[in-house]
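# Structural overview for review
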Amino acid sequence: MFTSTAQWWAFLCAASALNVLAWLWAAGRWRGLAAQQPELWRARRWQLLLSAVYVLGCGWRSLHPVYDVPRLVLVDGWQSSVVLGRSVATLAELCFAAQWSLLLGEAARAAGSRSAAWVARGVLPMIVVAEVFSWHAVLTTSNLGHAFEESLWGLCAALQVAAVVHIAARCAPRQRPLLALWAAAALAYAAYMFGVNVPMYWQRWLADEAQGRGYLSLAQGWVDVSTRWVVSHHWEHWQSEVVWMSLYFSVAVWLSIALAHAPRLARAATAAPLEARRARVLSSR
């Protein structure tokens, strides 16, 4: 798709501009719908605000791409410093995780699913831990932290698949195709993380270990990410990062914006009577 770093960067910049316009359209659409659907608006306004942070964070990172561990940047200047890029990424990713946690929690409550509710509560803490591993990898330059980070993101997606499947059985049939799409997207993401990203970082760590590479301490790493960046426009330096960055700064952002307009789930009409019968049976024992 891309044959040069300049083409790829042009795509990232265009995608970031499109993302901002898409968010503004989503916000404008809610301006007209809020009065008509106040209850749904109350449930979705946080989605819209969290999405705004994610859109802006990904936009900044698209304009100032950073390859964290080798300290590679495309734009020379403080705005491309690794510490700033990683800080922006952390805030944006936590907001994105919060979006999924809120939506899954809402769906779990609608379906009356305790197991899905526990998964929803666990999403954000898992990603907080993932961010800690990410920072450890960036500061020390050890890719082992990234392997753990990506494993937690993949596990989070896999748990969402299980939760959504459980929810689907309790929701109205007309909403199951949407839940199936949600589960399929989460499954594809988990497969990519465990099939591509985690092995990639693991192999990088093994290669570093085989070469006897030394790592930075946390204090040394903090000074390094705050003061050092290496400007490179060579395609071979960025090629390994192109696929995930391109998808992350486009498709993931579109998903974030779309969550602000996700419909509310309705419980299947048969679910409540069925649970009532079960409760009566249990109480009679």
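Residues numbered from 1 in each chain as written. Predicted model: local features only at pLDDT ≥ 70, side-chain atom pairs only at ≥ 80, totals over all residues. Heavy atoms only, no water.

## Focus on the side chain of S101
To keep it simple, the criterion reads: Comment: elements are numbered from the N terminus, with helices defined as DSSP H or I runs of at least four residues and strands as E runs of at least two. Note on exposure labels: buried denotes an accessible area under 20% of the residue type's maximum, exposed denotes more than 50%, and partly exposed covers the range between, all computed with a 1.4 Å probe on protein chains only. Contacts are residue-level and defined by heavy atoms, with any inter-residue pair within 4.5 Å sufficient.
Structurally, the position occupied by S101 is in helix α3 (residues 82-111). S101 gets classed as buried once you look at its relative accessible area, which sits at 16%. Ignoring sequence-local partners within four residues, the contact set of S101 consists of A120 and V123.

## A closer look at the sheet that holds strand β1 (residues 66-67)
This is how the line gets drawn: When DSSP finds two or more bridges between two strands, those strands count as paired.
Across the sheet, three strands lie side by side as β1-β2-β3; this open sheet has mixed pairing. If you trace the sheet from one side to the other, it starts and ends with β1 and β3 (230-231), each paired once. In the sheet, β1 pairs with strand β2 (residues 72-73) via two bridges, with the strands oriented antiparallel. Each bridged residue has a counterpart across the sheet, and for V66 the counterpart in β2 is V73.

## Points about the pattern of salt bridges
The following threshold applies: The salt bridge definition used is simple: a Lys or Arg side-chain nitrogen within 4 Å of an Asp or Glu carboxyl oxygen.
Counted by the stated rule, this structure contains nine salt bridges. Here R86 and E131 are joined by a salt bridge, their closest N and O atoms 3.6 Å apart. Here R86, found in helix α3, pairs with E131, found in helix α4 (residues 114-140); they are 45 residues apart in sequence, far enough to count as distant. Under the relative-accessibility criterion, E131 is labelled buried at 4%. For the salt bridge of R228 with D224, the shortest nitrogen-to-oxygen distance reads 2.7 Å.

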